[in-house]
Structures are given as structure tokens and as C-alpha cells.
Amino acid sequence: MSWFIQTCTSSLGKKYIMAITGLMLGGFLLVHAAGNSSIFWGRSAFLSYAEHLHSLGPLIPVAEIILLSIFLLHVITGITLFLQNLQARADRYAVSKPAGGRTWGSRTMPYTGAAILLFILMHLFNVHFIEHNLPIADTVNAVLSRPFYTHLYAAGMTVLALHISHGFWSLFQTMGINHPRYNTLIRIGGYLFTGLIIAIFLFIIFLLLFSPGYLM
Amino acid sequence: MAAKKIAITVKVWRQTDQKVKGSLETYSLSDISTDMSFLEMLDVLNDQLTMEGKEPVAFDHDCREGICGTCGAVVDGVAHGPERETTLCQLHMRHFDNGQTICIEPFRAKAFPIIRDLIVDRSAFDRIIAAGGFVSVNAGSAQDGNNTLVAQHRAEQAMDAAACIGCGACVAACPNAAAMLFVSAKISQLALLPQGHAERKMRAQAMVTIMDNEGFGNCGNERECENVCPKGISIRNIARLNREYLRATLAANE
Ligand code: HEM
Ligand code: SF4
Ligand code: FES
């Protein structure tokens, strides 16, 4: 067992944790986006999707706990890495210039991560930690028909896009997959994955803003 | 191209030892030949300082031909300066303009404490190598060379990794002061060849453990390292290190 703890606390081990939990969170995003796209088929399709989900009964809290653990592991490991990295360069450069490797996505990982955390908390307070006396379609509609929330949700999607624009490629590199033969595939896959998920969510956000009666 | 003379202003990091806080000092230099190397420019600066009765700038150098890995500083925010795949000693003043102000700082990392001015202590690299960056050869009579076959593309990649001169620019350029490019080059040059396989598992674990203990940061896959590396070491080697370590920790001893 000690080998396991030693691996998980090493610098590379922490990166494996980030990569694997990041991949799982990405998987969750994909399922979440696919499920929510039932909105495109109207109120009854969305409600029946929600009902099917809830009919899973005791599986739901189990899934929630697993998801929460993955999420916390990602966040806590991410914060640890961030603090250690600050320490490793205690004295800053007077002049520093990127040499051509960093991207907007890569240089903002800890900050986009923190913003996603805030976004998810807001999202949960909007739709999860509430009195469930209204059908979910009405709850969602009440939130997303307000421009105030449109802005916040659209901003949330932007930071998420930034986070996975680096994260998707990075997780392959971390798990040791970097070969000229696959690199283009990974890059295109990353664009497709990010584009698809963000497009679905953004579409829902703007659909409910511009067509307020859509989910009624 | 005929040499020109340029006048420049340099801002150099001056620090008397590890404990005292340093600062940037500004000096003016005229008549710098564009054929000079960057280190020759520093030699001229030091002559000037000595004549003025001031303490010369301490900087590391040895071969001055780009092969030993001793030189290095951060020039205008880039480790080894603006030319790609070029050590500081091989950088020429023709890449700078007349009247330009050039900022020169030491490599900065907690694991590379500043000894004086531009000289940093990179012995952390030596301790990583001592932990496992070698093959143990129990010498006997040599076998026929053709008994151990190595595919050409593997030999090429091993040679590419072996080009690392241990200068530490990758650490200096990494936003997290990680040593992954260096360690991955040293792991790869052996992991790619049959001679390295016997001690593969021990090597990956020992070198990573020492790397972590020395206080280097964690790799964030920012790719700054490969962009400043004077030997063009690729982050494909870092992916290989990630594989080597994963396999070393997952696979049990037989
Ligand atoms: C659904 C949400 C999220 C997804 C899909 C996601 C995905 C990823 C992925 C794939 C990586 C790359 C791992 C690697 O470099 O190998 C990553 C890195 C990272 N994530 Fe997230 N993440 C999410 C939320 C968060 C949150 C809430 C935080 C909050 C602190 C966070 C902080 C980080 C940090 C700091 C890194 C960089 C680690 C490093 O390379 O040093 N992430 N994320
Ligand atoms: S990998 Fe490149 S930058 Fe890093 S020590 Fe080796 S030669 Fe220098
Ligand atoms: S002095 Fe030897 S590489 Fe620059």
C-alpha cells in the first residue's frame, strides 16, 4: 500500500490524479450535456428525461457521492499543485516573456478552475439546493429567462472552454501519450469535444433567454 | 556581414550572496562589436567595472561553444536569450539593436539558489543524476556488438535525448520551476536503449523522488521548457517519463 501513497503524493502522481479526475469530469460533462439536450425536443421531453433520471432511485445519491469525490479530488489536488508551484519559484523575474509554449488556456488553469468551482456552486444553488415544489422545467426557465443569469452562465461556459482547451491535450501528455502519429487526432478531438459541449450549453442558455415561453 | 559597433544599456542582477537581497543595476556600454558573443559583452562590462574599481559581475561559463551547459542567464525574460536552440555563450550581439536596453537575470528557482550575481547552484541536477541517471556495468569481456540490436529510430531518439547539456534553462523558463524536461531527457536516453532496461524501474522512481525532494515544481504542460532548450529537447520525452514512472509504480517486482 505504501507504494500507492508514495505514487499519489509524488509530483507525477498528483498529475495522474488531475488527468484521471479531469477525464472523468469531462465524461460527466458529456453525459450532462447529452441529457440536457432533451430540452431541444421541448418541455415534455425534458421532463420525461428528468423523470427517468429520478426513477433510478438509490443509484442517484451513490452517483452524486462518486461525482463529488472525483470533483473534490480534482480541486484539492489542483490547489496543492498551485501552491507548490508558487513556492518553487519564490522569487519572480523582473522581466518575463513567454517563450512560445504557453497558451491562454494553460496559463490560466488554476484561475479558470476556481471560476468553474464558483460557477458550479451557483448552478447548484439555482437548481439543486432549492425547494423542489416546481417541475424542473419551470425552475430552469425561471433562472435562464433572466439576462443577469444569461451573463453568468455564458461566462461560466467561457472559462470552462478555456479550462478544457488546455486540459484535454494536457491529460494525454500527463498519461504519457504524445506521438506525432496521434497528436493531430488529440488536438482535433479536443476542439470537437470542447466545441460540442459548450455549443449545447450555450444554445440552451440563449434559447431560454430569447424564447422565454419555450419550456412553458 | 561586417561587424558593427553598438552602444547598449544593460540591467544586471547584482547579489552578493544567498542571504542578501539583490537588485538590478544599470550600466552603459559603448563600442560593443556585433561579432561579440553575449559572454564577451559581459567580459567587456567586467573590464569596465574593474577599471572603475567596482566588483565585476559573476557569471558561469566554461566551454563557450555551446556544449558544456555551464553558462546561462535570463535575457529580457527568456532563458539563454532570444535565439532559439542557442546557449547564452553562442548568442551574438548582432541580435541586439543599437541603443537597446537588455535585462539580465539569473535562472530563478527555489531549487537553484543564487550564489552570486548570475551564478546559481545547480547541484540539485547532479543529485538527481546520482540517484539513478546511470547504468551499472559489471564489466567482463565485451560481447559482439551485433548481439544487441537497436532500431535506428530508437537510437536517433536516444541520441536526441542525450543532447541535453544540463544547463537548467528548462527549469528557469518553466512557470512552475519544474525540472521535468531535464529529468525526462536523462531518463529517455537510457530507457530507449537495451542497456538501460535492467534498472529502468529503480531509475524512474529514484530520480523522480530526488527531483521532488529538491523543491522543483510540478509540470503543468506549459511547454515553455522545450521552447528555450538550447538542444531542442522535446516534451515527448516528458510523456516518456510519465510512462516510465507510471509503469515503475504499477509493475510489481518479480
Ligand atoms: C467540470 C469541470 C472540470 C473539468 C472537466 C476539468 C478538467 C481538467 C483537465 C482535463 C485537466 C488537465 C489535467 C492534466 O494536466 O493532466 C485539468 C487541470 C486542472 N484543473 Fe480542472 N477540471 C474541472 C474543474 C476544475 C475545478 C473546479 C478546479 C478548481 C480548483 C480545477 C483546477 C485545475 C487545475 C489547477 C489544473 C491544472 C493542474 C496542473 O497542471 O498543474 N479544475 N482540469
Ligand atoms: S533539457 Fe534542455 S534546457 Fe533543460 S537542462 Fe537539458 S539542455 Fe538545458
Ligand atoms: S559555456 Fe559551455 S555551453 Fe555555454
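Everything numeric in this text was worked out from a predicted model, so none of it was measured.

Caption draft 1: Broad picture of the domain arrangement of chain B. Residues and elements named next belong to chain B. Looking at chain B, the domain boundaries give domain 1 (5–115) and domain 2 (122–250). One C-alpha centre belongs to domain 1, the other to domain 2; they are set 29 Å apart. Each partner contributes to the interface: domain 1 provides 21 residues, whereas domain 2 provides 21 residues. Area buried by domain 1 at its contact with domain 2 is led by E85, A111 and F112, which between them contribute 34% of it. Joining domain 1 to domain 2, the criterion identifies one salt bridge. Two residues, D60 and R122, come together in a salt bridge whose shortest N-O distance is 3.3 Å. In this structure, the connection of domain 1 to domain 2 is made through five residue pairs in polar contact (both at pLDDT 80 or more). Partitioning the side of domain 1 that touches domain 2 into residue classes produces 10 nonpolar, six polar and five charged.

Caption draft 2: Spatial organisation of the packing of helix α5 (residues 180–191) of chain B against helix α8 (residues 236–250) of chain B. Residue and element names in this part refer to chain B. Running from N to C, α5 and α8 point in directions that differ by 70°, and their axes come no closer than 8 Å. Here α8 runs roughly perpendicular to α5, going by the angle between their axes. Counting all contacts with α5, which are made through M180, L181, V183, S184, A185, I187, S188 and A191, the residues of α8 involved are N237, I238, R240, L241, N242 and E244. Each residue belonging to the contact of α5 with α8 can be placed in one class, and the counts come to eight nonpolar, four polar and two charged.

Caption draft 3: The arrangement of the site of ligand 2 in detail. All names here are of chain B. Around ligand 2, a shell composed of 13 residues is seen, among which C164, C167, G168, C170 and C229 lie nearest. For the shell around ligand 2, the secondary-structure elements that each account for two or more residues are α4 (169–173) and α5. Grouping the amino acids of the shell around ligand 2 by side-chain chemistry returns 11 nonpolar, two polar and no charged.

Caption draft 4: Representation of the sheet that holds strand β4 (residues 78–79) of chain B in the model. All names here are of chain B. Spatially, five strands are ordered β2-β1-β5-β3-β4 in an open sheet, and the strand pairing comes out mixed. At either margin of the open sheet sits one strand with a lone partner, and together these are β2 (23–33) and β4. The sheet contact formed by strand β1 (residues 5–14) and strand β5 (residues 101–105) spans four bridges and is parallel. Pairing of V10 across the sheet is with I102, part of β5. Relative to β2, helix α1 (residues 38–51) is tilted by about 105°, and along the sheet it contacts β1, β2, β3 (74–75) and β5.

Caption draft 5: A look at the coordination of the iron atom of ligand 1. Residues and elements named next belong to chain A. Donor atoms from the polypeptide that bind the iron atom of ligand 1 are H74 (NE2) and H163 (NE2), placed at 2.0 to 2.1 Å. Bound by six donor atoms, the iron atom of ligand 1 shows angles of 88 to 180° at the metal and therefore octahedral coordination geometry. Taken as a pair, H74 in helix α4 (residues 59–88) and H163 in helix α8 (residues 147–174) lie far apart in primary sequence, 89 residues in all. Judged by its relative accessible area of 15%, H74 falls in the buried class.

Caption draft 6: Looking closely at the side chain of N242 of chain B. On the secondary structure map, N242 of chain B appears in helix α8. Leave out the neighbours within four places in its chain, and N242 of chain B touches L12, Y16, Q173, T174 and G176 of chain A together with M180 of chain B.

Caption draft 7: Highlighting the site of ligand 1. Around ligand 1 sit 24 residues in total, of which K15, H74, H163, S170 and T174 of chain A are the nearest. Chains contributing residues to the immediate surroundings of ligand 1 are chains A and B. One nitrogen or oxygen atom from the side chain of H74 of chain A is found 2.8 Å from a nitrogen atom belonging to ligand 1. In the model, a nitrogen atom of ligand 1 is placed 2.8 Å from a nitrogen or oxygen of the H163 of chain A side chain. For the shell around ligand 1, the secondary structure elements donating two or more residues are α2 (11–36), α4, α6 (109–127) and α8 of chain A. Element by element, the count of residues in the shell around ligand 1 is highest for α2 of chain A, at seven residues. Looking at the shell around ligand 1 residue by residue, the class counts come to 13 nonpolar, 10 polar and one charged.

The rules behind these values
- Residues numbered from 1 in each chain as written.
- Chains lettered and ligands numbered in written order.
- Predicted model: local features only at pLDDT ≥ 70, side-chain atom pairs only at ≥ 80, totals over all residues.
- Heavy atoms only, no water.
- Domains from an automatic or database assignment.
- Contact = heavy atoms within 4.5 Å.
- Buried area = accessible area lost by both parts, 1.4 Å probe.
- Salt bridge = Lys/Arg side-chain N within 4 Å of Asp/Glu carboxyl O.
- Polar contact = N/O pair within 3.5 Å; in protein donor to acceptor, adjacent residues only side chain to side chain.
- Nonpolar A, V, L, I, M, F, W, Y, C, P; charged D, E, K, R; others polar.
- Axes fitted to C-alpha atoms, helices over the stretch in contact; angles between N-to-C directions.
- Helix = DSSP H or I, 4+ residues; strand = E, 2+ residues; numbered from the N terminus.
- Parallel < 35°, antiparallel > 145°, perpendicular 65-115°, else oblique.
- Near = heavy atom within 4 Å.
- Pairing = 2+ DSSP bridges.
- Donors = N, O, S within 2.8 Å, 3.2 Å for Na, K, Ca; no water.
- Tetrahedral: all angles 85-135°; square planar, octahedral: opposite > 155°, others 65-115°.
- Buried < 20%, exposed > 50% of the residue type's maximum accessible area, 1.4 Å probe, protein only.

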